[in-house]
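This is what each chain is made of:
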Amino acid sequence: MMQDMSEFPREFARSLPKAELHVHLEGTVDAATLLALAERHGVEPPAPDEAGVRDWFTFDGFPMFLERYFTVVGLLRDPDDFALAAERYLQTAHDQGVVHVEFHVSATGHILENGKTWAPIHDGIVDGCRRAAERTGQTWGLIPDISPHLPAADCGRAMEQVFEHDLSHVVAIGMGGPADSWWTDDFTPIYERARSLGLPGVAHAGEHGGADEVRYAIERFGAVRIQHGIGAMQDPAVVDLLVERGIACDVCPGSNLALHAVESAAAHPLPRMLDAGVTVTLGTDDPPMFHTALLDEYERAWQWCGLDEDGLRRLADASLAAAFDTGR
Ligand code: ADE
Ligand code: ZN
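Rules and cut-offs
Residues numbered from 1 in each chain as written. Chains lettered and ligands numbered in written order. Predicted model: local features only at pLDDT ≥ 70, side-chain atom pairs only at ≥ 80, totals over all residues. Heavy atoms only, no water. Helix = DSSP H or I, 4+ residues; strand = E, 2+ residues; numbered from the N terminus. Buried < 20%, exposed > 50% of the residue type's maximum accessible area, 1.4 Å probe, protein only. Donors = N, O, S within 2.8 Å, 3.2 Å for Na, K, Ca; no water. Tetrahedral: all angles 85-135°; square planar, octahedral: opposite > 155°, others 65-115°. Pairing = 2+ DSSP bridges. Contact = heavy atoms within 4.5 Å. Axes fitted to C-alpha atoms, helices over the stretch in contact; angles between N-to-C directions. Core = buried A, V, L, I, M, F, W, Y, C linked by side-chain atoms within 4.5 Å. Salt bridge = Lys/Arg side-chain N within 4 Å of Asp/Glu carboxyl O. Right-handed = clockwise from strand over helix to strand, strands pointing away. Near = heavy atom within 4 Å. Polar contact = N/O pair within 3.5 Å; in protein donor to acceptor, adjacent residues only side chain to side chain. Nonpolar A, V, L, I, M, F, W, Y, C, P; charged D, E, K, R; others polar.

(A) Examining the environment of Asp49 more closely. Among the structural elements, Asp49 can be located in the loop between α2 (31-40) and α3 (50-56). By relative accessible area, which is 40% here, Asp49 ends up partly exposed. For the pair Asp49 and Asp154, spaced 105 residues apart in sequence, the C-alpha separation works out to 37 Å.

Structure (structure tokens):
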């Protein structure tokens, strides 16, 4: 099982069919696309050129990241913007050997903070995905999500726009952003409403916070997959919960480093998660913002966990097994 410290077999890893289940559509906007969107909308970009934008994709922690992430969210305005981002990223993922992508989309951010409506956003994303998939043969699904820094009642109303539009490409609902507000506001009814429509729930939990968030997401929201979940390792009972219920954690090691969710690579719990039998899938979260791509995440897992080729294959297989069924 232990590798012989040989070089990461990138082409082998690329050749493995795999799913990416934790990537935010808005977080796939790269420097060139960001500048094009700013120009399209007559908005001053955060930096004048691509190198400057890449520098701007540097964060001293989660609050700084969220501020910049929501700046990017605000640059995606028209259906064509969403189509462009979706089409570009599916192609990028295809080049990494990804056969299935589930895009998290900051639905309540667009609707409540930017005054948008869901239908044109959804339809733009679907157009872009269809265009790419015609070339690549990929499958894809959407996970519209709640930003819990916004009031739960407003989020509930915003998510009704999602629920009342075409649900054929929506595979789940999710939740991103800071978990602090979970303790003061109740988002549970939104997950219950989604479930009543046949939509499962997922949530970011245990990213910067601890195992209590992961337990809360499972027990209150009924989350069937957890984004990140690394904080679960602080409580063996929560690890047992993940293992017994077969709840996958969609872990993004590069994101965790970039946002200082862990102190160092050596401190990352990924090896312990695999040893404990937690189902792990690898994702990029917000790839250009974290200067990463999915094969870089497989390389981190290879190095940090001492994987061999079978270990890489198991991760790829786990991602396909944990994917939602798109019915296609
Ligand atoms: N939205 C985009 N990236 C995120 C992250 N890493 N954590 C929470 N919400 C996010
Ligand atoms: Zn995320």
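(B) Layout of the coordination of the zinc ion (ligand 2). Only His22 (NE2), His24 (NE2), His204 (NE2) and Asp285 (OD) from the protein coordinate the zinc ion (ligand 2), and they sit 2.0 to 2.1 Å from it. Every donor counted, the four donor atoms about the zinc ion (ligand 2) form angles of 82 to 171 degrees at the centre, which fits irregular coordination. All donor residues of the zinc ion (ligand 2) come from one chain, and their arrangement in sequence is H-x1-H-x179-H-x80-D. On the criterion of sequence distance, the pair formed by His204 in strand β5 (residues 201-205) and Asp285 in the loop between β8 (280-282) and α14 (294-305) is long-range, its members being 81 residues apart. Taken as a pair, His204 and Asp285 share a single burial class, namely buried.

(C) Up close: the sheet that holds strand β1 (residues 18-24). Ordered in space as β1-β2-β3-β4, the four strands form an open sheet in which the pairing is parallel. Either end of the sheet is taken by a strand with one partner, and the two such strands are β1 and β4 (174-175). Relative to strand β2 (residues 98-105), β1 runs parallel, the two sharing five bridges. Looking at the pairing, Ala19 lines up with His100 of β2. Most of the contacts of helix α15 (residues 309-322) go to β1, to which it runs at about 70 degrees, and overall it touches β1 and β2.

(D) Local environment of the sheet that holds β8. One open sheet accounts for four strands, arranged β5-β6-β7-β8; its pairing is parallel. Of all strands in the sheet, those with a lone pairing partner are β5 and β8, marking the two edges. Pairs of neighbouring strands in the sheet enclose a mean axial angle of 25 degrees, with direction left out of account. As paired elements, strand β7 (residues 248-251) and β8 share three bridges and run parallel to each other.

(E) Seen up close, the nonpolar core. Membership of the largest hydrophobic core comes to 105 residues, with the highest contact counts inside it found for Phe103 and Ile226. Counting residues per element, this core draws most heavily on helix α4 (residues 62-75), which supplies eight residues. Here Ile226 is in contact with Ala203, Ala205, Val214, Ala217, Ile218, Leu242, Ile247, Ala248, Cys249 and Asp250, once residues within four sequence places are set aside. By size, the runner-up hydrophobic cluster in this structure holds five residues, among which are Val171, Ala172, Val202 and Phe324.

(F) Here's a closer look at the pattern of salt bridges. Applying the stated rule across the entire model yields 14 salt bridges. Among the ionic contacts, a cluster of salt bridges with common partners joins Arg10, Asp296 and Glu299.

(G) Structural context of the side chain of Asp250. Following the sequence through the fold, Asp250 ends up in strand β7. Accessibility expressed as a relative area gives 0% for Asp250, which makes it buried. If we ignore the near neighbours within four places in the chain, the residues touching Asp250 are Leu21, His22, Arg225, Ile226, Gln227, His228 and Thr281.

(H) View of the pairing of β5. The buried fraction of β5 amounts to five of the five residues, a majority that puts the element mostly inside the structure. With burial as the criterion, each face of β5 is covered, one bearing Gly201, Ala203 and Ala205 and the other bearing Val202 and His204. Pairing analysis gives five bridges linking β5 to strand β6 (residues 223-228), with the strands arranged parallel. Looking across to β6, one finds that Gly201 is bridged to Ala223. Remark: the β5/helix α10 (residues 211-219)/β6 crossover connection has right-handed handedness.

(I) Representation of α2. Those residues of α2 not exposed but buried are Ala31, Thr33, Leu34, Leu35, Leu37 and Ala38. The inward-facing, buried residues of α2 abut α3, α4 and α5 (79-95).

(J) Fine view of the pairing of β6. β6 sits mainly inside the fold: five of its six residues count as buried. Pairing of β6 with β7 involves three bridges; the strand directions are parallel. Across the sheet, the residue bridging to Ile226 is Cys249, located in β7. What joins β6 to β7 is helix α11 (residues 236-245), and the crossover it makes is right-handed.

(K) Up close: the site of ligand 1. Near ligand 1, the surroundings consist of His24, Phe62, Phe65, Tyr69, Gly176, Gly177, His204, Glu207, His228, Leu259, Asp285 and Asp286. Here a nitrogen atom of ligand 1 and a side-chain polar atom of His24 are 3.4 Å apart. One of the side-chain nitrogen or oxygen atoms of Glu207 is found 2.7 Å away from a nitrogen atom of ligand 1. For the shell around ligand 1, the leading source of residues is α4, giving three residues. The residue inventory of the shell around ligand 1, partitioned by class, reads four nonpolar, five polar and three charged.

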